[in-house]
Amino acid sequence: MSATHIDVPMPVPADHDCPTREILDLIGDKWSVLIVVLLGKRTLRFGELHRGIEGISQRMLTLTLRALVRDGLVTRTPYTTVPPRVDYSLTELGRTLLVPLSALDAWAHAHRDDIRAARERHDSPG
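The following refers to the structure shown. Just so we're clear, the structure is a prediction, and the values are computed from it rather than from any experiment.

Each value, and the rule that gives it
- Residues numbered from 1 in each chain as written.
- Predicted model: local features only at pLDDT ≥ 70, side-chain atom pairs only at ≥ 80, totals over all residues.
- Heavy atoms only, no water.
- Helix = DSSP H or I, 4+ residues; strand = E, 2+ residues; numbered from the N terminus.
- Buried < 20%, exposed > 50% of the residue type's maximum accessible area, 1.4 Å probe, protein only.
- Areas by Shrake-Rupley, 256 points an atom, 1.4 Å probe, with all protein chains shown as cover.
- Phe/Tyr/Trp six-rings, centres within 6.5 Å; stacked < 30°, edge-to-face > 60°.
- Lys NZ or Arg CZ within 6 Å of the ring centre and 35° of its normal.
- Expected span 1.5 Å × (residues − 1).
- Arc of directions from axis to C-beta.
- Contact = heavy atoms within 4.5 Å.
- Axes fitted to C-alpha atoms, helices over the stretch in contact; angles between N-to-C directions.
- Parallel < 35°, antiparallel > 145°, perpendicular 65-115°, else oblique.
- Nonpolar A, V, L, I, M, F, W, Y, C, P; charged D, E, K, R; others polar.
- Pairing = 2+ DSSP bridges.

1. A closer look at the overall build of the protein chain
A tally of helices and strands in the protein chain yields six helices and three strands. Taking all 126 residues of the protein chain together, 23% fall into the buried category. In the form shown here, the protein chain has an accessible surface area of approximately 9,900 Å², with 58% of it arising from carbon and sulfur atoms.

2. Concerning the packing of aromatic side chains
Counted according to the given criterion, the structure contains zero aromatic pairs. Here the guanidinium or amino end of R85 rests over the ring plane of Y79, the centre of that ring lying 4.3 Å away.

3. Regarding helix α4 (residues 58-70)
In an α-helix, one full turn covers 3.6 residues, which means residues spaced three or four apart are oriented alike. Taking 1.5 Å as the rise per residue, α4 with 13 residues should run 18 Å; its terminal C-alpha atoms sit 18 Å apart, in good agreement. Turning to α4, its buried residues are L61, T64, L65 and L68. Buried positions in α4, seen along its axis, are confined to an arc of 100 degrees and lie on one side of it. Exposed side chains of α4 directed beyond 90 degrees from the buried face belong to R59, R66 and R70. Contacts made by the buried residues of α4 are with α2 (32-41), α3 (46-52), β2 (74-79) and β3 (85-90). A positive phi of about 80 degrees marks G72, the residue just after α4.

4. Things to note about the packing of α2 against α4
Packing of α2 against α4 brings their axes to within 10 Å, and their N-to-C directions diverge by 70 degrees. As the angle between them shows, α2 and α4 are arranged roughly perpendicular. Here α2 contributes S32, I35 and V36 to the contact with α4, which in turn contributes L61, T64, L65 and L68. The residue makeup of the contact of α2 with α4, split by class, is five nonpolar, two polar and no charged.

5. Remarks on the pairing of β3
Strand residues, when the strand is regular, have side chains that alternate between the two faces of the sheet. Most of β3 sits out of view: five of its six residues are buried. Across two bridges, the pairing between strand β1 (residues 44-45) and β3 is antiparallel. Of the residues in β3, the one forming a bridge with L44 is Y88. Taking the residues between adjacent antiparallel strands as the criterion, β2 and β3 are bridged by five residues.

And the structure:
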């Protein structure tokens with residue numbers, strides 16, 4: 001396997017302005033990426049998102065959606081119907097996040113077994 005040179009930036013201390021760190025803080029939690037990926041497929045209602053993400057509580061989904069709306073990645077569209085209805089969809093900015101997330105997903109699928117094997121080698125005695 002040939003080595004490819006990639007310019008890797010020097011680490012930035014936490015007290016400096018770092019766009020990468022800021023974005024990783026934004027999407028690096030347990031749920032944001034899953035929500036963005038689901039909304040990348042189509043507009044969804046709260047209940048559809050809740051059912052589509054195993055293990056997320058309604059409170060955590062609400063908090064995560066609020067953060068994604070605040071950051072301009074998701075649009076919240078309420079309707080004055082009975083019962084009330086709210087749709088969530090990706091903004092244009094949110095859609096641009098699908099490209100790097102798709103690349104990360106492809107990398108994860110391609111290398112998950114390699115990482116598991118490395119962990120097993122590392123953790124095995126002797």
